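Listed here are the chains, written in short residue letters.
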Amino acid sequence: MRVGYLGPAGTHSEEALRASSPEGAVAVPYPTIYDAVMAVEEGAVERAVVPIENALEGSVGITLDTLALDAGGVRIAAEVVHPIHHCVIARGELSLPTVVRVVSHPQATAQCARFLREHMPNAEHVSAPSTADAVLTVCGSDDASVAIGSRLAAELYDCHVVAEDVEDHPDNVTRFVWVAPADEIEDPVGDAKTSIVFWGGGDQAPGWLVRVLSEFAERGVNLTRIESRPRRTGLGHYMFFVDLEGRADAPAVSEALAALRVQELRVLGSYGRPPWLH
């Protein structure tokens, strides 16, 4: 099985893939989350592992948008929750107050915001496509730059760990999802949840969203997450992403979904943990 992920080697996505992949899986790095998901859509890989939600910074917008708008033939097949521990990484030893530049993925920088304010308040923040890209950039520089990345990346690229566990909360975790072609999804094992996205059909009318969500409440379907994101069709129009308990074909869930009065409804997947981890 070929599995795409946000590369290069040494990202937290690769860590999550390593921790949850079946024996014999071949990891294939891609430059962006979008590219990793679309590689499944286009058949270049059989699966991909991508981040969808972080405990400190919330949902990963590009993952949600790609699944909702671009990868129509891809569904969520499983999820894994992986601890995220960030390190300050440099080419060699240095003192934190002397750092002039911090390079990392914006999600990682945000997850370490308090540490950066306290220890490197004057450093410039530079965005990178991934934490591993940041480590590669810094390890090739000759100034007082550091990257925020994983210990794995520091080891892979022979860099120095200046400080570790610099995330703002010790319980920092990210929910990653395994995505697969829609026609290759296996039934989830054990407890399952379903992710959906819907929009339109009177979304600017008073009480519209309340009426939509009441279809779940009336049937006792518990919602575990709800979030809105722009539909990209004009100001004031949104997509609503919902996670709920139960499979899409469970009686109460299927009845609620059938009752929704919306313009567009897409089931992004019914899933649990990867079956090979049970």
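Our subject is the structure listed above.
For the structure given in this document, a descriptive report is provided here. Just so it is clear, the structure is predicted and the values come from calculations on it, not from any experiment. (Residues numbered from 1 in each chain as written. Predicted model: local features only at pLDDT ≥ 70, side-chain atom pairs only at ≥ 80, totals over all residues. Heavy atoms only, no water.)

### Things to note about the side chain of Thr109
- By the element assignment, Thr109 lies in helix α4 (residues 106-111).
- Excluding anything up to four places from it in sequence, Thr109 contacts Ser104, Leu116 and His125. (Helix = DSSP H or I, 4+ residues; strand = E, 2+ residues; numbered from the N terminus. Contact = heavy atoms within 4.5 Å.)

### Notes on the state of the cysteines
- Enumeration according to the criterion identifies one disulfide in this entry.
- Here Cys139 connects covalently by a disulfide to Cys159, the sulfurs 1.5 Å from one another. Placement of Cys139 in helix α6 (residues 131-139) and of Cys159 in the loop between α7 (151-156) and β10 (160-164) is noted, with a sequence separation of 20 residues between them. Across the pair, exposure class does not vary: Cys139 and Cys159 are buried alike.
- Counting only cysteine sulfurs, Cys112 is the nearest neighbor of Cys87, a cysteine outside any disulfide, at a range of 9.4 Å.
- A residue is classified by how much of its surface remains accessible, and Cys112, at 0% relative accessible area, is buried. (Disulfide = S-S within 2.5 Å. Buried < 20%, exposed > 50% of the residue type's maximum accessible area, 1.4 Å probe, protein only.)

### So, the environment of Leu209
- By secondary structure assignment, the location of Leu209 is in helix α8 (residues 208-217).
- Assessed through its relative accessible area of 27%, Leu209 is described here as partly exposed.
- Apart from residues lying up to four places away in sequence, Leu209 is in contact with Phe198 and Phe240.

### Considerations on the sheet that holds strand β15 (residues 264-271)
- Read from one edge to the other, the open sheet built from four strands follows the order β13-β14-β12-β15, with strand pairing classed as antiparallel. The open sheet has two free edges, formed respectively by β13 (223-230) and β15, since each of these has just one partner strand. For this sheet, the mean inter-axis angle between neighbouring strands, taken without regard to orientation, is 15°.
- By the bridge criterion, six bridges tie strand β12 (residues 193-199) to strand β14 (residues 238-245) in an arrangement that is antiparallel. The residue bridging Thr194 from the neighbouring strand is Leu244, located in β14.
- Its contacts with the sheet put α8 on β12, β13 and β14, and the angle it makes with β12 is roughly 155°. (Pairing = 2+ DSSP bridges. Axes fitted to C-alpha atoms, helices over the stretch in contact; angles between N-to-C directions.)

### Digging into α6
- Buried within α6 we find Thr131, Ala132, Ala134, Val135, Val138 and Cys139. In an axial view of α6, the angular spread of the buried residues amounts to 155°, which keeps them on one side of the axis. (Arc of directions from axis to C-beta.)

### Things to note about the pairing of β14
- Among the eight residues in β14, six count as buried, and that is most of the element.
- Note: β13 against β14, seven bridges, orientation antiparallel. Bridge pairing in β14 links Leu223 to Leu244.

### Notes on the packing of aromatic side chains
- Counted according to the given criterion, the structure contains three aromatic pairs.
- For the ring pair Phe198 and Trp208, a centre distance of 6.1 Å and an interplane angle of 65° mean the geometry is edge-to-face. Here Trp208 lies in helix α8 and Phe198 lies in strand β12, a separation of 10 residues in the sequence.
- Take Trp208: its relative accessible area is 5%, and that puts it in the buried class.
- Arranged with centres 5.7 Å apart and planes meeting at 20°, the rings of Phe198 and Phe240 form a pair that is stacked. Separated by 42 residues along the polypeptide, Phe198 in strand β12 and Phe240 in strand β14 bring together distant segments of the chain.
- Given a relative accessible area of 0%, Phe198 falls into the buried group. (Phe/Tyr/Trp six-rings, centres within 6.5 Å; stacked < 30°, edge-to-face > 60°.)

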